[in-house]
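What follows is the residue order along each chain.
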Amino acid sequence: MNSLKKNFRDISPYIPGEQPQVKNKIKLNTNENPYPPSPLVKKALSSFDCDDLKLYPDPDMTDLRLGISEYYGVKKENVFCGVGSDDVLATAFMAFFNSGKPILFPDITYAFYDVWASLFKIDFCRIPLNDRFEINKEDYYAENGGVVFPNPNAPTGVYMPVSDIEDIIKHNGDVIVIADEAYIDFGGESALKLIDKYKNLVVTRTFSKSRSMAGGRIGFAIADEALIREMFTIRNSYNSYTITGLNSKLALAALEDEEYFKDTVARIVSTREKYKKKLGELGFVFTDSKSNFIFASHPKYEARELFEALKKENIFVRYFNLPRIDNYLRITVGTEEEMKKLADFLENYIKKG
Ligand SMILES: *Cc1c(COP(=O)(O)O)cnc(C)c1O
């Protein structure tokens, strides 16, 4: 075995949140949507023709790109799709971060960025968020090999105004800026309106959170045509068939049901605000999350202790044993019923303690 070791890639992988296999759990640890996908998705699934599986999917992803481009008022040539936005982001890293200069992203952010940077041998520099966990735009004006950040940020939920994003883009005309908008549907304004104006902006999105299709693995990017062509070049140098015909149909069905989408997002936002208030009454402090999770800390109880206590009750939340955030819990906004169980448990725990 030892003689083989030198052949292996030495890298610390991204560790996804647990998918516990217990029954009757309350799962608030991976920012999944608590509601099912639109009934139109179910209909599309049941009418799928199994014979279609014989064929390779359309390498241009024409139908899905057209559907997404119509929905967002852009051209098909501005759209790239992948197996979740993780695939889209990884493709963008490979396509755009090749200058040899370090790319910049926040110190507290989506934990996949540094893993991809390491995997693709891209130098990177983590820029500290301020004390309120906000991105300070001026920090990104320094010379760099590219910029990437989620907006709202993860796992903090903190939203950056589009005017700040525009300033970052303007100061980085020679490199690519990626705005990872995995959570933008839950609040805040999208940077999509800047796509026409700036040739160096890539906006990534996902069907995993606001459209309840994490299991479908569908993500996409919107950017200038020239950038999208570069992303296709990378994909076709690696794996040409990422979006299956089935996934394409399911995603298109989800886009058809605007009413269901708006309704479920509104329910999550209203539950989020209600339980921010409730957790505040229990003494928790938290950021003004504009996403589908609450990032909360209690001044008297250690986050790890609360995480373990909740887990014993089969209530799963996310705890990160990382600098600056090791006393925070990231709690995905579930249904009203799930959130009530979480809040009731915490209230009792805190009363007893
Ligand atoms: C969830 C998430 C993604 C990836 O989602 P996919 O399921 O791969 O589409 C990307 N960025 C951030 C910040 C996320 O939280």
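Within each chain, residue numbers correspond to sequence positions counted from 1 in written order. At least 70 in pLDDT is required for a residue's local features to be given in this predicted model, at least 80 for side-chain atom pairs to be given and counted, and no such filter applies to totals for whole chains, interfaces and linings, which use all residues. With hydrogens and water excluded, all non-hydrogen atoms of the structure serve as input to the side-chain values.

Colleague: Pulling in residues and values, what's your account of the overall build of the chain?
Modeller: Looking only at helices and strands, one finds 11 helices and 13 strands in the chain. Computed over C-alpha atoms, the radius of gyration of the chain comes to 21 Å, within 12% of the 20 Å expected from 2.2 N^0.38 for 353 residues, which places it in the range of a compact globule. The dimensions of the chain, computed from C-alpha atoms along their principal axes, are 60 × 55 × 50 Å. In this scheme, a residue with accessible area under 20% of its type's maximum is buried, one over 50% is exposed, and one in between is partly exposed, where area comes from a 1.4 Å probe on protein chains only. The buried share of the chain, taken over its 353 residues, is 52%. To qualify as a helix, a DSSP run of H or I must reach at least 4 residues; to qualify as a strand, a run of E must reach at least 2; elements of each kind are numbered from the N terminus. As defined in this context, the radius of gyration uses C-alpha atoms, and a globule is described by 2.2 Å times the residue total to the power 0.38.

Colleague: Which residues make up empty space enclosed by the protein, and what values do they have?
Modeller: Whether a set of points on the 1 Å grid over the protein atoms alone is a cavity depends on a 1.4 Å probe fitting there but being unable to get out, while an open set qualifies as a pocket with protein on both sides within 12 Å along at least five of seven lines; lining residues are those with an atom within 4 Å of a point. Grid points are joined across faces, edges and corners, and a volume is the space filled by probe spheres set on the points. Counted under the stated rule, the structure contains two cavities of 30 Å³ or more. Considering only enclosed or pocket space, the largest cavity measures out at about 70 Å³ in volume. Considering the residues around the largest cavity, the lining is formed by Pro-37, Ser-38, Ser-210, Arg-211, Ser-212, Ala-254, Asp-257, Tyr-260, Phe-261 and Thr-264. Each residue gets one label: Ala, Val, Leu, Ile, Met, Phe, Trp, Tyr, Cys and Pro are nonpolar, Asp, Glu, Lys and Arg are charged, and the others, such as Gly, are polar. Classifying every residue of the lining of the largest cavity by side-chain character gives four nonpolar, four polar and two charged. Estimates place the volume of the second largest cavity at around 60 Å³. In terms of residue class, the lining of the second largest cavity is built from four nonpolar, two polar and four charged.

Colleague: Can you break down the side chain of Ser-85 residue by residue, with the values?
Modeller: Looking at the secondary structure, you find Ser-85 in helix α4 (residues 84-96). Given the relative accessible area of 8%, Ser-85 is considered buried. We call two residues in contact whenever any of their non-hydrogen atoms come within 4.5 Å of each other. With sequence-adjacent residues up to four places away left out, Ser-85 is seen in contact with Arg-205, Thr-206 and Gly-219.

Colleague: Could you give an account of the pairing of strand β4 (residues 124-127), naming the residues involved and the relevant values?
Modeller: Any two strands with at least two DSSP-identified bridges between them are counted as paired. The pairing of strand β3 (residues 103-106) with β4 spans four bridges and is parallel. Paired with Leu-104 across the bridge in β4 is Cys-125. In this region the chain leaves β3, passes through helix α5 (residues 112-119) and returns to the parallel neighbour β4; the handedness of that crossover is right-handed. Orient the strands so they point away from the viewer; a crossover is then right-handed if the path from the first strand over the helix to the second runs clockwise.

Colleague: Tell me what's going on with helix α10 (residues 303-312), and back it up with residues and numbers.
Modeller: Among the residues of α10, those classed as buried are Ala-303, Leu-306, Phe-307, Ala-309 and Leu-310. Seen along its axis, α10 keeps its buried residues to an arc of 165°; they face one direction. Count one or two residues on from α10 and you reach Asn-314, which has phi positive near 60°. The directions from the helix axis to the C-beta atoms are what the arc is built from.

Colleague: If you had to explain the sheet that holds strand β10 (residues 293-297) to someone new, which residues and values would you point to?
Modeller: One open sheet holds the four strands; their spatial order is β9-β10-β13-β12, and the pairing between them is antiparallel. Edge positions in the sheet fall to β9 (285-286) and β12 (318-319), since each of these pairs with one other strand and no more. Sheet analysis places β9 next to β10, joined by two bridges and oriented antiparallel. Bridging across to β10, Val-285 finds its partner in Ser-297. Interaxial angles span 0 to 180 degrees and are taken between N-to-C directions of axes, which are lines fitted to C-alpha atoms, for helices over the stretch in contact. Strands in contact with helix α9 (residues 258-281) are β9, β10 and β13 (329-332); relative to β10, the strand with the most contacts, it is inclined by about 10°.

Colleague: Talk me through the pattern of salt bridges; I want residue IDs and the actual numbers.
Modeller: For salt bridges, the criterion is a side-chain nitrogen of Lys or Arg within 4 Å of an Asp or Glu carboxyl oxygen. Inspection of every chain in the model, using the stated rule, returns 26 salt bridges. Look at the salt bridges and you will find they share partners, linking Arg-272, Glu-273, Lys-276, Asp-288 and Lys-290 into a network.

Colleague: Could you give an account of the packing of aromatic side chains, with specific residues and numbers?
Modeller: For Phe, Tyr and Trp, where Trp contributes only its six-membered ring, two rings pair if their centres lie within 6.5 Å, and the inter-plane angle classes them as stacked under 30 degrees, edge-to-face over 60, or tilted in between. Within the structure shown, the criterion is met by 24 aromatic pairs. Centroid distance Tyr-72 to Phe-220: 5.6 Å. Interplanar angle 45°. Geometry classified as tilted. Placement of the pair is Tyr-72 in helix α3 (residues 62-72) and Phe-220 in strand β8 (residues 219-223), with a sequence separation of 148 residues. On the basis of an interplanar angle of 70° and a centroid distance of 6.3 Å, the ring pair of Tyr-110 and Trp-116 is categorised as edge-to-face. Three or more aromatic residues joined by ring pairs make a cluster, and in this case those are Tyr-14, Phe-93, Phe-97, Phe-105, Tyr-110, Phe-112, Tyr-113, Trp-116 and Phe-124. Sitting over a ring, as applied to charges here, requires NZ of Lys or CZ of Arg to be within 6 Å of the ring centre and within 35 degrees of the ring normal. Its guanidinium or amino end placed over the ring of Phe-207, Arg-211 lies 5.7 Å from that ring's centre, counting from NZ or CZ.

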